[in-house]
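# Observations on the three-dimensional arrangement
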Amino acid sequence: MTAHDNIKEPSFRESVDMMFNRAVALMDLSPGLEEKIRVCNATYTVRFGVRLRGAIHTFTGYRSVHSEHMEPVKGGIRYALAVNQDEVEALAALMTYKCALVEAPFGGSKGGLCIDPRDWDEHELEQITRRFAYELIKRDLINPAQNVPAPDMGTGEREMAWMADQYKRMQTTDINGAACVTGKPPNAGGIAGRVEATGRGVQYALQEFFRYPEDVAAANLSGKLKGKRIIVQGLGNVGYHAAKFLSEEDGALITGIIERDGALHNEAGIDVDAVRAWIVKHGGITGYPDASHQAEGAALLEADCDILIPAALEGVINLGNADRIKAPLIIEAANGPVTAGADDILRDKGCVIIPDMYANAGGVTVSYFEWVKNLSHIRFGRMQRRAEESRHQLVVDELERLSADKNLGWEISPDFKERYLRGAGELELVRSGLDDTMRAAYQAMREVWHSRDDVKDLRTAAYLVSIRKVADSYRAKGL
Ligand code: NAD
């Protein structure tokens, strides 16, 4: 069941507003400033025609700008049939709060196109994407200084490369043109580590959470990430990377995977790469041999596990199923997977929710790095890498000389030497910047969570941190 199937459930945008209102009630903002931050500044709707398969097809798209307290504004473009104005505005609002929380210097925006990308072949999708981009570029809704899209559900590197190319065709003298969208492929102005960034951010968020035994205990859990049983919904870009890294690098067990065509379950753990390969080959998870399959996928959200990672759609945990959710810890890899009503029920049950605006901020964080790279026209690490290696070599040479001169018999292990001598390239720097960002933002949230009696959950804490920053920017502008 989704939010829209339940009449008591507010819309996605109303849900975001309710969460905002709950937080802002604990602040001392003037009602005028509060309203200014809450509302969405503008939403542009475009209907355009593309001649395909011998007929004109009309498509509807949106680009919503929630807050321009900083520019450019930033946010993904989603391709899905369910895209609508309410959803795009909710997602744009979340982008404002997310960017503020992780200190990415952007306002919030989001876009969407009502289309099922699986209905069209690659060439057709290119024509549709270029035409959509043309409409947005004409109105500065794609522009390196004003509005910078990125991938979201149903879009990826390929669509971003088409959009960037379309921008360059229309703005031939803009030397910063590559910065008009992020999430581009590495050979077209992208940055190492962007594709995996949101999933990597989910991993870093959980690693940081598990560094605080007090927080782990608040979720009725104990110990480390190793051995924790995880159910993930959506094995797309975000869900796949999060599940892969958590199982391969942190020793967690992926015990359940929910996809469009049902769910897989295996308490001994599921091989994430094998399932991904199966989906690519067969179009879904059905028939995957090494786990039990159930056709009613969403029911697995209610199964016993330590950590639940919704990484597909909004509104999947709602008034209809919240009281049956058993996971003591939920990390919102998707945007808005828990409705405002479900959030209340889960909080009362003692479930800890690591909120979307923090949990999936890895994508926009690395997008920020990509945008900076494009504006500086140089790859990260290009100037420093060899200098760093030479300095490290000096230390290793000196230690070896000392050992030989004084007959100390020291031997530096080859593994240490190899790792110490290697200067940081772009990927290492991106991961370091992302890890630092995720740690700092978590610490800011937990500080509020633990220091104020009136803040009962991480989501309210996240809103408090981010609204405060947005309010400060507006005040600095004289509003
Ligand atoms: P994606 O299109 O790559 O993957 C979505 C996955 O969910 C697909 O595998 C799809 O088959 C599956 N899915 C669709 N409907 C489902 C259903 N009813 N039940 C179970 N699975 C279903 O999208 P993505 O980029 O991974 O985005 C997923 C979520 O993460 C969205 O909420 C998005 O807004 C959010 N997000 C994405 C990014 C990013 O960088 N891509 C950044 C921040 C947030």
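What counts and what doesn't
- Residues numbered from 1 in each chain as written.
- Predicted model: local features only at pLDDT ≥ 70, side-chain atom pairs only at ≥ 80, totals over all residues.
- Heavy atoms only, no water.
- Helix = DSSP H or I, 4+ residues; strand = E, 2+ residues; numbered from the N terminus.
- Polar contact = N/O pair within 3.5 Å; in protein donor to acceptor, adjacent residues only side chain to side chain.
- Axes fitted to C-alpha atoms, helices over the stretch in contact; angles between N-to-C directions.
- Parallel < 35°, antiparallel > 145°, perpendicular 65-115°, else oblique.
- Contact = heavy atoms within 4.5 Å.
- Nonpolar A, V, L, I, M, F, W, Y, C, P; charged D, E, K, R; others polar.
- Near = heavy atom within 4 Å.
- Areas by Shrake-Rupley, 256 points an atom, 1.4 Å probe, with all protein chains shown as cover.
- Expected span 1.5 Å × (residues − 1).
- Buried < 20%, exposed > 50% of the residue type's maximum accessible area, 1.4 Å probe, protein only.
- Arc of directions from axis to C-beta.
- Pairing = 2+ DSSP bridges.
- Salt bridge = Lys/Arg side-chain N within 4 Å of Asp/Glu carboxyl O.

With respect to the secondary-structure elements, asparagine 335 resides in the loop between β11 (329-331) and α10 (340-349). Within the structure, the side chain of asparagine 335 is placed 3.1 Å from the side chain of lysine 98, a separation counted as a polar contact. Looking at asparagine 335, its side chain comes within polar contact range of the side chain of asparagine 360, at 3.0 Å.

This part takes up the packing of helix α1 (residues 12-24) against α10. Axis separation between α1 and α10 bottoms out at 8 Å; the angle between their running directions is 50 degrees. Our classification of the angle between α1 and α10 gives oblique. Packed against α1, whose contacting residues are Ser15, Met18, Met19 and Arg22, the element α10 presents Ala340, Asp343, Asp344 and Arg347 at the interface. In the contact of α1 with α10, the residues fall into 3 nonpolar, 1 polar and 4 charged.

What follows concerns the site of the ligand. Around the ligand sit 22 residues in total, of which Arg78, Asp152, Thr198, Glu259 and Asn335 are the nearest. A distance of 3.1 Å separates an oxygen atom of the ligand from a polar backbone atom of glycine 154. Arginine 194 has a polar side-chain atom sitting 3.5 Å from an oxygen atom of the ligand. Calculation on the ligand without its partners gives an accessible area of 830 Å², and the protein chains cover 85% of this total. Only α8 (237-250) and β7 (253-259) provide two or more residues apiece to the shell around the ligand. The residue makeup of the shell around the ligand, split by class, is 9 nonpolar, 8 polar and 5 charged.

Attention now moves to helix α13 (residues 385-405). For α13, which comprises 21 residues, the first-to-last C-alpha distance of 30 Å matches the rise-based estimate of 30 Å (1.5 Å per residue) to within 8%. All of the buried residues in α13 are Glu389, His392, Val396 and Ser403. Taken down its axis, α13 places every buried residue within 70 degrees of arc, on the same side. Across α13 from its buried face, at more than 90 degrees, point the exposed residues Arg391, Leu394 and Asp405. Those residues of α13 that are buried lie in contact with α14 (414-421). Residue asparagine 407 follows α13 closely and has a positive phi angle near 55 degrees.

Taken in spatial order, the 7 strands line up as β9-β8-β7-β6-β10-β11-β12 in an open sheet, and their pairing is mixed. Looking along the sheet, the strands with just one partner apiece sit at the ends: β9 (292-294) and β12 (352-354). Along the sheet, successive strands turn relative to each other by an average axial angle of 20 degrees, direction set aside. As judged from the 3 bridges shared by strand β8 (residues 262-265) and β9, these two strands associate in the antiparallel manner. Its bridge partner being in β9, leucine 264 is matched across the sheet by histidine 293.

Turning to the sheet that holds strand β1 (residues 42-52), a few remarks are in order. Read from one edge to the other, the open sheet built from 5 strands follows the order β1-β2-β4-β3-β5, with strand pairing classed as mixed. The sheet terminates laterally at β1 and β5 (147-151), the two strands that pair on one side only. Each strand of the sheet is rotated relative to its neighbour by a mean of 25 degrees, with strand direction disregarded.

Attention now moves to unusual backbone geometry. Cis rather than trans, the peptide bond between glutamate 71 and proline 72 has omega equal to 5 degrees. By the secondary structure assignment, proline 72 is in the loop between β2 (55-67) and β3 (73-79). Even without being a glycine, glutamate 103 presents a positive backbone phi close to 55 degrees. If you trace the backbone, glutamate 103 turns up in the loop between α3 (85-101) and β4 (107-113). Unusually for a residue other than glycine, asparagine 407 sits at a positive phi of about 55 degrees. Looking at the element boundaries, asparagine 407 is found in the loop between α13 and α14. Using a relative accessible area of 71% as the deciding quantity, one classes asparagine 407 as exposed.

Let's shift gears to the pattern of salt bridges. Going through the model one piece at a time under the given rule, you end up with 54 salt bridges. When the shortest N-O distance is used, the salt bridge between arginine 431 and glutamate 196 registers 3.3 Å. With arginine 431 in helix α15 (residues 426-451) and glutamate 196 in the loop between α5 (157-170) and α6 (197-209), this residue pair connects regions lying 235 residues apart in the sequence. Of the charged contacts, one joins lysine 244 and aspartate 273 as a salt bridge, the two residues approaching to 2.9 Å between their closest N and O atoms. In this pair, lysine 244 is assigned in helix α8 and aspartate 273 in helix α9 (residues 272-282), connecting sequence segments 29 residues apart. Its relative accessible area of 17% is what places lysine 244 among the buried residues.

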